[in-house]
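Observations on the three-dimensional arrangement
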Amino acid sequence: QVQLQESGPGLVKPSETLSLTCTVTNVSISGNYWTWMRQPPGKGLEWIGYIFYPGNTKYNPSLKSRVTISVDTSMNQFSLKLKSVTAADTAVYYCARRYYDVLTGYPFFDYWGQGSLVTVSS
Amino acid sequence: EIVLTQSPGTLSFSPGERATLSCRASQSVNSGYLAWYQHKPGQSPRLLIYGASTRATDIPDRFSGSGSGTVFTLTINRLEPEDFAVYFCQQYDISPPLYTFGQGTKVEIK
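Residues numbered from 1 in each chain as written. Chains lettered and ligands numbered in written order. Predicted model: local features only at pLDDT ≥ 70, side-chain atom pairs only at ≥ 80, totals over all residues. Heavy atoms only, no water.

1. Thoughts on the nonpolar core
Under the convention used in this document: In this description, a nonpolar core means a group of buried Ala, Val, Leu, Ile, Met, Phe, Trp, Tyr and Cys residues linked to one another through side-chain atoms lying within 4.5 Å. When accessible area is computed with a 1.4 Å probe and restricted to protein chains, residues below 20% of their type maximum are described as buried, those above 50% as exposed, and intermediate ones as partly exposed.
Counting 45 residues, the largest nonpolar core has A:Phe109, A:Trp112, B:Trp36 and B:Tyr87 as its most contacted members. The next biggest cluster of nonpolar side chains, apart from the first, holds 25 residues, and it includes A:Val12, A:Trp36, A:Val85 and A:Val120.

2. Overview of the interface of chain A and chain B
Keep this limit in mind: Only heavy atoms matter for contacts: two residues are in contact if any of them lie within 4.5 Å across the pair. Here the quantity called buried area is the total loss of accessible area, with a 1.4 Å probe, experienced by two parts when brought into contact, counted for both. Salt bridges are identified by distance alone: a Lys or Arg side-chain nitrogen within 4 Å of an Asp or Glu carboxyl oxygen. Whenever two N or O atoms come within 3.5 Å, that pair is a polar contact, provided that in protein one can donate a hydrogen and the other can accept it, and provided that, for residues adjacent in sequence, both atoms are side-chain atoms. Secondary structure elements are taken from DSSP: a helix is a run of H or I of four residues or more, a strand is a run of E of two residues or more, and numbering for both begins at the N terminus. When residue character is reported, Ala, Val, Leu, Ile, Met, Phe, Trp, Tyr, Cys and Pro are called nonpolar, Asp, Glu, Lys and Arg charged, and the others, Gly included, polar.
With 22 residues of chain A in contact, the opposing surface of chain B contributes 20 residues. Roughly 1,900 Å² of surface becomes buried between chain A and chain B when both sides are summed, with 66% attributable to carbon and sulfur atoms. Our count for the contact surface shared by chain A and chain B stands at zero salt bridges. At the junction of chain A and chain B, the tally comes to seven residue pairs in polar contact (both at pLDDT 80 or more). The leading source of residues in the side of chain A that touches chain B is strand E10 (residues 107-112) of chain A, at five residues. When its residues are assigned to classes, the side of chain A that touches chain B shows eleven nonpolar, five polar and six charged.

3. Re the packing of aromatic side chains
Any pair of aromatic rings gets described here by the distance separating the centres and the angle formed by the planes. Filter applied, for reference: We call Phe, Tyr and Trp rings a pair once their centres come within 6.5 Å, taking the six-membered ring for Trp, and we label the pair stacked below 30 degrees between planes, edge-to-face above 60, and tilted otherwise. For a ring to carry a charge above it, either NZ of a lysine or CZ of an arginine must fall within 6 Å of the ring centroid while also lying within 35 degrees of the normal to the ring plane.
Inspection of the entire model under this criterion finds 20 aromatic pairs over all chains. Between A:Trp112 and B:Phe88, the aromatic rings sit 6.2 Å apart at their centres with planes inclined by 75°, giving edge-to-face as the arrangement. Of the two residues, A:Trp112 is situated in strand E10 and B:Phe88 in strand E8 (residues 86-93); the pairing between them involves two chains. In this structure A:Trp112 comes out as buried when scored by relative accessible area, which is 5%. A relative accessible area of 5% means that B:Phe88 is categorised as buried. One residue, A:Arg98, lies across the ring of A:Tyr33, its end atom 4.3 Å from the ring centre.

4. As for the state of the cysteines
Residue and element names in this part refer to chain B. Convention followed: Only a pair of cysteine sulfur atoms within 2.5 Å counts as a disulfide in this structure description.
For the structure shown, the criterion picks out two disulfides over all chains. Covalent S-S linkage joins Cys 23 and Cys 89, the inter-sulfur distance amounting to 2.1 Å. Taking the sign of the torsion about the S-S bond as the criterion, the disulfide between Cys 23 and Cys 89, at about 80°, is right-handed. Of the two residues, Cys 23 is situated in strand E3 (residues 19-29) and Cys 89 in strand E8; the sequence distance between them amounts to 66 residues. Each member of the pair, Cys 23 as well as Cys 89, is classed as buried.

5. A word on the environment of B:Arg18
Residues and elements named next belong to chain B. Position of Arg 18 relative to the elements: it lies in the loop between strand E2 (10-13) and E3. Look at Arg 18 and you get exposed, because its relative accessible area is 56%. The spacing of Arg 18 and Glu 80 is 62 residues in sequence and 9.9 Å in space, taken between C-alpha atoms.

6. Some thoughts on the sheet that holds strand E1 (residues 4-5) of chain B
Residues and elements named next belong to chain B. The condition that has to hold: In this analysis, strands are considered paired if DSSP registers two or more bridges between them.
Read from one edge of the open sheet, three strands run E1-E3-E7, paired in antiparallel fashion. Each end of this open sheet is capped by a strand with a single partner; those strands are E1 and strand E7 (63-76). The pairing of E3 with E7 spans seven bridges and is antiparallel. For Ala 19, the partnering residue across the bridge sits in E7 and is Ile 76.

Take a look at the structure:
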């Protein structure tokens, strides 16, 4: 069974960089699309971006200037860095795999982590 | 950016009833790029439906999806106790690539 688990600090100070890691088990990081999303309190989910290893990243235009997603194949992990955070970045952050139907190509998120609450506060 | 609206925010049903949940898009959505998820507190979201109407692996056939254009529906026939949860829809824009989500509908026990 594929499993994803987010880890990282639960509290980040304003203007600093939020860093989270997603550890993936039972499937290789290589050859898959790996995604970060977040859900602020009382709001819907927001897609942050994805990485396809090797070589392809896409980010939400609203966050693009502050986001970096990267992969560590040796640890079978991928990471999120969001710089210059403010209180508006307080959210539950989820990692997920973006996959697709092999016949139709229809995309979906099939495996998710349980989420990691990150609070931005001094 | 396509905005997905799910209303009402909460629906109340008794076990055994049929639930019909709505997801409306601000612009036409390619049906192939519309998915539904179930989310319970403390758990990972669970993929139910993709391509607007295709059930994901191991999803019971009491769950069904339909719709096209700007109006999509998730139907849950004969609600089981484990079906009481939050359900949200999601769509994908190809260019530029962007995924957006509805705010979710909570299905609660009446």
